[in-house]
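For reference, the chains in residue letters:
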Protein chains: 2
Amino acid sequence: MTKPKPDRPSGVTMRDVAARLGVSAMTVSRAIRGDSGIAEPTRLRVLAEVEALGYRRNDLARQFRTGSAHELVGLVVTNLANPFYSQLAVGVEEVATRHGVGVLVASTNGELDRERELVMDMAGRRIAGLIVVPASNDHGHLDPAGLEGAPVVLAATPPRGIDVDCVFVDDFNGTYEACRQLIGRGHERIGFLGLPASLWTGSERYRGYAAAMEDAGLAVDEQYVSRHRGDISLAEEATRRMLALPAPPTALITANNRNTVGALRILRHSPNPVALAGFDDIELADLLQLPLSVVAYDAADVGREAARLLFGRIEDTGVTKVGRQQVIIPTRVIDYPRPERG
Amino acid sequence: MTKPKPDRPSGVTMRDVAARLGVSAMTVSRAIRGDSGIAEPTRLRVLAEVEALGYRRNDLARQFRTGSAHELVGLVVTNLANPFYSQLAVGVEEVATRHGVGVLVASTNGELDRERELVMDMAGRRIAGLIVVPASNDHGHLDPAGLEGAPVVLAATPPRGIDVDCVFVDDFNGTYEACRQLIGRGHERIGFLGLPASLWTGSERYRGYAAAMEDAGLAVDEQYVSRHRGDISLAEEATRRMLALPAPPTALITANNRNTVGALRILRHSPNPVALAGFDDIELADLLQLPLSVVAYDAADVGREAARLLFGRIEDTGVTKVGRQQVIIPTRVIDYPRPERG
DNA sequence: CTGTTAGCGCCTTCAT
DNA sequence: ATGAAGGCGCTAACAG
């Protein structure tokens with residue numbers, strides 16, 4: 001007849017509060033929830049006792065009883081240390097906080113298996129919903145149908161093969177404009193340091209680059225194109241290789257902030273100047289002594305919009321059932337001209 | 001007699017799986033938990049059915065039954081968008097993942113009230129433990145005693161008035177060394193752009209600066225000291241003010257990355273060069289054309305160590321009860337010399 | 001307005 | 001090796 005022994009004593013419960021007041025647990029419950037059907041004096045007496053005893057409602061029990069963890073959403077990104085994702089996370093958090101909901105954050109390190117594990121785990125926790133920046137173009141495991149029905153919103157990438165809302169950046173046009181600007185400045189041999197074609201951002205940003213080249217009557221030369229994962233060291237290597245070509249590019253487009261940083265490190269020591277346009281803004285870009293322009297956008301907004309869509313689904317009581325939604329975050333090219341010497 | 005109606009259907013339960021197999025729910029439970037007392041063929045039959053039905057254990061129910069959310073720790077920082085905190089978060093996540101535990105992340109924006117709300121909320125969720133980067137020197141609400149006994153570890157700041165483990169950076173020595181280096185290079189009028197004295201980092205880093213000055217026989221002149229919150233704009237303003245002094249400083253120490261960025265923005269346009277040494281490393285510092293040194297340390301390590309301490313407490317079954325632990329993360333000064341022109 | 005009843009899904013305990 | 005009973009803390013539904 002010994003009670004199950006939780007590792008930590010479970011503490012004061014509603015019944016304890018109720019007992020000390022000679023009322024029922026329901027009365028305490030009502031007072032705490034702010035339920036209307038309770039006399040004001042009773043409510044105050046209960047709240048006072050709650051305070052006195054240091055009682056705190058067990059949300060675990062409540063959420064369990066209610067049927068789902070309405071107060072928790074999941075956020076799965078590739079790497080929280082990348083400023084893009086940490087800003088995105090801030091945006092998500094901002095909106096979630098407004099809804100009184102917590103954010104369970106996890107990084108996949110770009111590994112699909114890890115992503116699978118994480119979303120499964122979150123579904124097991126009965127989170128209210130899930131925002132995912134997919135690590136690949138394989139989205140089968142992100143279908144709400146397999147995740148206890150938890151709504152899913154993809155960020156930075158539109159869904160493939162599943163029917164969920166998404167928010168992504170205007171990758172194509174952003175890159176197109178950046179490239180067009182370089183062309184407008186007289187560049188003809190423009191290199192591209194990109195992400196794998198298997199990633200949405202990889203293919204879209206490449207498309208933008210290629211389209212701008214083509215529209216200007218310039219050929220895309222494969223030796224000026226490198227498509228690798230977004231590591232600084234890989235970007236450095238690719239930049240080095242391109243600079244060593246017989247006719248090196250006079251300008252580079254980098255497909256994300258990691259590539260931009262890698263390219264900058266190498267270009268810094270290049271004897272002849274190479275113009276650089278990179279996707280993603282970079283802090284302190286204004287202080288670098290290099291001709292640089294960036295495709296900027298509000299990363300926090302990606303998170304905010306994703307969260308907005310997600311809460312739309314979570315709170316959708318099944319009546320409206322709008323179709324798949326898609327939000328595209330605009331970009332703008334920012335020019336950080338090389339300052340005058342002195 | 002209608003069942004309570006959860007907003008989302010709660011889905012397949014253990015009983016459903018059991019029913020289809022003609023066994024009891026306990027058998028399913030045992031199979032899923034990998035409990036030993038179960039026949040191998042039974043186990044396999046159960047797991048197959050689980051797979052077939054797409055059943056996923058309801059962790060909410062399990063954690064509730066078990067008494068606490070063993071699989072969730074909280075992380076409260078001031079602002080996740082600051083690279084220091086996002087790296088710290090990555091470190092925490094890394095260790096938590098190894099323990100099969102999720103991380104609930106939230107930002108306080110430096111507001112004490114928000115911090116209070118957040119830790120209360122997390123305690124209500126019966127999280128297994130809590131890592132906090134305090135927004136102020138008021139730590140009363142971070143006492144585990146008031147948080148359902150959840151262990152707490154402070155990061156970046158040692159506790160005041162409560163008895164919990166902590167991890168912080170060697171703020172004093174880091175700043176001391178950076179300042180000594182500037183002095184060694186002949187600087188005598190060295191300014192300090194810092195954080196409020198009410199913050200641990202604010203006072204310690206100032207102490208390091210002041211001690212280095214004093215040890216070198218240099219006076220600390222109040223007009224060369226500004227102690228404000230760590231905003232870029234405030235740092236810019238303070239830098240501008242100091243440069244406008246009749247005898248402006250020839251070097252500056254900045255107490256965190258936000259101050260460093262602010263100072264850099266202004267120094268960039270200063271006619272006479274001002275040396276800068278800043279606490280916190282900065283990405284691309286190597287590419288700035290300014291004489292800069294930084295006090296660097298591994299921010300992810302702060303998170304890792306904090307998580308390590310936390311899990312030590314969580315898994316401490318009450319037998320060992322070691323005293324308060326304290327980990328100090330070492331710093332090193334990195335020099336980014338102004339490169340040669342060309 | 002307040003109390004009683006019952007049960008969410010799972011796991012501990014004890015019985016078989 | 002498996003099953004039956006019971007309850008974690010809370011709240012929906014109904015009763016008074």
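Residues numbered from 1 in each chain as written. Chains lettered and ligands numbered in written order. Predicted model: local features only at pLDDT ≥ 70, side-chain atom pairs only at ≥ 80, totals over all residues. Heavy atoms only, no water.

As annotated in an unreviewed UniProt entry, chain A carries the name LacI family transcriptional regulator and is attributed to Actinophytocola oryzae.

Undergrad: Help me understand the pattern of salt bridges in this model?
TA: Taken as a whole, this structure holds 48 salt bridges over all chains when the rule is applied. The partner of R33 of chain B in a salt bridge is D35 of chain B, with the nearest N and O atoms 3.0 Å apart. Here R33 of chain B falls in the partly exposed class, since its relative accessible area comes to 43%. You can call D35 of chain B partly exposed: its relative accessible area is 28%. Residue R229 of chain B pairs with D231 of chain B through a salt bridge whose shortest N-O separation is 3.6 Å. Of the residues examined, D231 of chain B reaches a relative accessible area of 26% and is grouped as partly exposed. Counted as one network, the salt bridges with shared partners bring together R57, D59, R62 and E71 of chain A. (Salt bridge = Lys/Arg side-chain N within 4 Å of Asp/Glu carboxyl O. Buried < 20%, exposed > 50% of the residue type's maximum accessible area, 1.4 Å probe, protein only.)

Undergrad: What exactly am I supposed to notice about the relation of the copies chain B and chain A here?
TA: For these two chain copies, the linking operation is a rotation about an axis paired with a shift along it. In the superposition of chain B on chain A (RMSD 0.1 Å, axial shift 0.0 Å), the rotation amounts to 180°. One copy is carried onto the other by what is essentially a two-fold rotation axis. Taking the C-alpha atom as reference, chain B places L104 of chain B closest to the rotation axis, 2.2 Å from it. Counting the interface residues of chain B, we find that 100% of their copies in chain A are interface residues as well, pointing to one common contact surface. (Least-squares fit on C-alpha atoms with pLDDT ≥ 70 in both. Contact = heavy atoms within 4.5 Å.)

Undergrad: Quick question: what am I supposed to make of the interface of chain B and chain A here?
TA: When the parts come together, some accessible area is lost, and that loss is often what is quoted as the size of the interface. The interface of chain B with chain A comprises 66 residues on the first partner and 66 residues on the second. For the pair chain B and chain A, the summed buried surface comes to about 5,800 Å²; carbon and sulfur atoms form 50% of the total. The partner of R56 of chain B in a salt bridge is E148 of chain A, with the nearest N and O atoms 3.5 Å apart. Across the contact surface, chain B and chain A share 22 residue pairs in polar contact (both at pLDDT 80 or more). Broken down by secondary-structure element, the contributors of at least two residues to the side of chain B that touches chain A are α4 (59-66), β1 (69-77), α5 (83-98), β2 (102-107), α6 (112-124), β3 (127-132) and α10 (257-267) of chain B. At 7 residues, α4 of chain B tops the list of elements feeding residues into the side of chain B that touches chain A. (Buried area = accessible area lost by both parts, 1.4 Å probe. Polar contact = N/O pair within 3.5 Å; in protein donor to acceptor, adjacent residues only side chain to side chain. Helix = DSSP H or I, 4+ residues; strand = E, 2+ residues; numbered from the N terminus.)

Undergrad: Can you walk me through the packing of helix α7 (residues 171-184) of chain B against helix α8 (residues 200-215) of chain B in this structure?
TA: Describing two packed helices takes the angle between their axes plus the distance from one axis to the other. All names here are of chain B. Between α7 and α8, the least distance of the axes is 7 Å, while the angle of their chain directions is 35°. Our pair here, α7 against α8, has a crossing hand that is right-handed. Residues D171, F172, T175, Y176, C179, R180 and I183 of α7 form the contact with α8, whose own contacting residues are W200, T201, E204, R205, R207, G208, Y209, A211, A212, M213 and D215. Across the contact of α7 with α8, the residue classes break down as 9 nonpolar, 3 polar and 6 charged. (Axes fitted to C-alpha atoms, helices over the stretch in contact; angles between N-to-C directions. Left-handed = near helix turned anticlockwise from the far one by under 90°. Nonpolar A, V, L, I, M, F, W, Y, C, P; charged D, E, K, R; others polar.)

Undergrad: What's the story with helix α10 (residues 257-267) of chain A in this structure? I'm lost.
TA: In an α-helix, one turn spans 3.6 residues, which is why side chains three or four residues apart end up on the same side. All names here are of chain A. Within α10, 10 of the 11 residues are buried, which leaves it mostly tucked inside the rest of the structure. Among all positions of α10, only N257, R258, N259, T260, V261, G262, A263, L264, I266 and L267 are buried. The elements touched by buried residues of α10 are α5 (83-98), β6 (190-194), α9 (232-243), β8 (251-254), β9 (275-279) and β10 (292-296).

Undergrad: What is the right way to read the environment of G323 of chain A from this model?
TA: Residue and element names in this part refer to chain A. Following the sequence through the fold, G323 ends up in the loop between α11 (299-315) and β11 (326-329). Note: C-alpha distance between G323 and D165 (158 residues apart in sequence) is 8.7 Å. What G323 contacts, discounting residues up to four positions off in sequence, is D165 and R313.

Undergrad: Mind showing me how you'd approach the sheet that holds β8 of chain A here?
TA: The pairing of strands in a sheet comes from backbone hydrogen bonds and takes either a parallel or an antiparallel form. Residues and elements named next belong to chain A. The strand order β7-β6-β8-β9-β10-β12 describes an open sheet built from 6 strands, whose pairing is mixed. Because the sheet does not close on itself, it has two edges, and the strands there are β7 (225-227) and β12 (332-336). Put simply, the sheet's adjacent strands are angled 15° from each other on average, direction ignored. In terms of strand pairing, β6 meets β7 through 3 bridges, oriented parallel. In the strand pairing of β7, G194 is matched with R227. In this fold α9 packs onto β6, β7 and β8, with an angle of close to 160° to the strand it touches most, β6. Against the sheet, α10 engages β6, β8, β9 and β10, with an angle of about 160° to β9. (Pairing = 2+ DSSP bridges.)

Undergrad: Even after reading the chapter, I still don't get unusual backbone geometry, so can you show me in this structure?
TA: With glycine set apart, most residues show a phi of negative sign, and most peptide bonds adopt trans. Phi is positive for E148 of chain A, which is not a glycine, with a value near 55°. The phi dihedral of N109 of chain B is positive, around 55°, even though this residue is not glycine. Within the element layout of this structure, N109 of chain B appears in the loop between β2 and α6.

Undergrad: What am I meant to see in the UniProt feature "domain: HTH lacI-type" (unreviewed entry) in chain A here?
TA: Summarizing the sequence annotation, UniProt attributes the feature "domain: HTH lacI-type" (unreviewed entry) to residues 12-66 of chain A in the numbering used throughout. As annotated, residues 12-66 of chain A has a helix share of 71% and a strand share of 0%, and its two end C-alpha atoms lie 20 Å apart. (UniProt positions renumbered as here; feature names shortened; annotations may be inferred.)

Undergrad: Quick question: what am I supposed to make of empty space enclosed by the protein here?
TA: Gaps left between atoms are located by rolling a probe of water-molecule size over the structure's atoms. Taken as a whole and judged by the stated rule, the model has 3 cavities of 30 Å³ or more. Taken as a whole, the largest cavity encloses approximately 110 Å³ of empty space. Taken together, D59, L60, Q63, A69, L72 and R125 of chain A together with D59, L60, Q63, A69, L72 and R125 of chain B make up the lining of the largest cavity. For the lining of the largest cavity, the elements supplying multiple residues, two or more each, are α4 (59-66) and β1 (69-77) of chain A together with α4 and β1 of chain B. In terms of residue class, the lining of the largest cavity is made up of 6 nonpolar, 2 polar and 4 charged. (1 Å grid on protein atoms, 1.4 Å probe; cavity = no way out; pocket = protein on both sides within 12 Å on 5 of 7 lines; lining within 4 Å. Points joined across faces, edges and corners; volume = space filled by probe spheres on them.)

Undergrad: Just checking my understanding: could you explain the sheet that holds strand β10 (residues 292-296) of chain B for this structure?
TA: Residue and element names in this part refer to chain B. The sheet built from 6 strands is open, its strands ordered β7-β6-β8-β9-β10-β12 with mixed pairing. Edge positions in the sheet fall to β7 (225-227) and β12 (332-336), since each has one partner strand and no second. Within this sheet the neighbouring strands show an average axis-to-axis angle of 15°, counted without direction. Here strand β8 (residues 251-254) runs beside strand β9 (residues 275-279); their pairing, made up of 4 bridges, is parallel. Within β9, the position partnered with L252 by the bridge is L276. Across the sheet, helix α9 (residues 232-243) is in contact with β6 (190-194), β7 and β8; its angle to β6 comes to roughly 160°.

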